[in-house]
Amino acid sequence: MEKTNTKNFAILAPVPEHHLISGLDAITHQLDDDSLDTHPMLAFGSNAFEAFGQADSLRKERMADVYIYASHTDDPPLNPQATWKATYIKQVHSRRGRYPGKASHRPETTTTDKPTWAIFWLIKDLEKLKKPLPIGDLKALGKKSNYSPRFLPEGPVLIEHPMVRRRLT
């Protein structure tokens, strides 16, 4: 897999805010674990295997940027924003609904998740954006107009890469 990220598209995905905060702790634990010899990563469960399958075919062995809308917050903004960013690595199929990899890749808060997932999408380099990205400034891949300013993503969607769009305008 190439080390660079594709700029042909990005992924916009909702993730519960408490999983993102817990994910930072999981990354810290991975960095502190001398027995791990891989880059810290997180695994989030999803049933949106088609969206991630499309991402996998479009990225052509590269990684992709993920802009994350922190869902299930105590004080949601009137106009939703992507407030986190990460690098999408790949998806892996679940085993009987559970993550088949190392438990350390899953945020602690996900241990009580009730649903069983079809896939898990792996990310690295999770960070909070210094400047949030309004979802109303984003455009679905292949669409002519931006999302409504109050659009709430209910699952992962492919979008035109916002950094490429900004350079073009």
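None of the values given here were measured: they were computed from a predicted structure.

Quick look at the environment of Glu-160
And step 1. Among the structural elements, Glu-160 can be located in the loop between β6 (157–159) and α3 (162–168).
And step 2. Sequence separation of Glu-160 and Asn-146 is 14 residues, and the distance between their C-alpha atoms is 9.8 Å.

Regarding unusual backbone geometry
With the exception of glycine, the majority of residues adopt a negative phi angle, and the majority of peptide bonds are in the trans configuration.
And step 1. Of note in this structure, Arg-96 is not a glycine but carries a positive phi near 50 degrees.
And step 2. With phi around 60 degrees, Asp-125 is a residue other than glycine that occupies positive phi space.
And step 3. Mapped onto the elements, Asp-125 comes out in strand β5 (residues 119–134).
And step 4. Given a relative accessible area of 39%, Asp-125 falls into the partly exposed group.

Focus on the environment of Ser-148
And step 1. Note on placement: Ser-148 falls in the loop between β5 and β6.
And step 2. Judged by its relative accessible area of 43%, Ser-148 falls in the partly exposed class.
And step 3. For the pair Ser-148 and Pro-80, spaced 68 residues apart in sequence, the C-alpha separation works out to 9.8 Å.

Notes on the sheet that holds β5
In a beta sheet, neighbouring strands are held together by backbone hydrogen bonds and run either parallel or antiparallel to one another.
And step 1. Sheet architecture is open: 6 strands sit in the order β2-β5-β4-β3-β1-β6, paired in mixed fashion. The open sheet has two free edges, formed respectively by β2 (42–46) and β6, since each of these has just one partner strand. Strand-to-strand twist across the sheet, computed as the mean angle between neighbouring axes with direction ignored, equals 40 degrees.
And step 2. Examined bridge by bridge, β2 and β5 share 5 bridges and lie antiparallel to one another. Looking at the pairing, Ser-46 lines up with Ile-119 of β5.
And step 3. Sitting on the sheet, helix α1 (residues 17–32) is in contact with β1 (5–16), β2, β3 (63–71), β4 (81–93) and β5, with an inclination near 115 degrees to β1.
And step 4. The strands touched by helix α2 (residues 49–59) within the sheet are β1, β2, β3, β4, β5 and β6, with β4 carrying the most contacts at an inclination of about 85 degrees.

The rules behind these values
- Residues numbered from 1 in each chain as written.
- Predicted model: local features only at pLDDT ≥ 70, side-chain atom pairs only at ≥ 80, totals over all residues.
- Heavy atoms only, no water.
- Helix = DSSP H or I, 4+ residues; strand = E, 2+ residues; numbered from the N terminus.
- Buried < 20%, exposed > 50% of the residue type's maximum accessible area, 1.4 Å probe, protein only.
- Pairing = 2+ DSSP bridges.
- Axes fitted to C-alpha atoms, helices over the stretch in contact; angles between N-to-C directions.
- Contact = heavy atoms within 4.5 Å.

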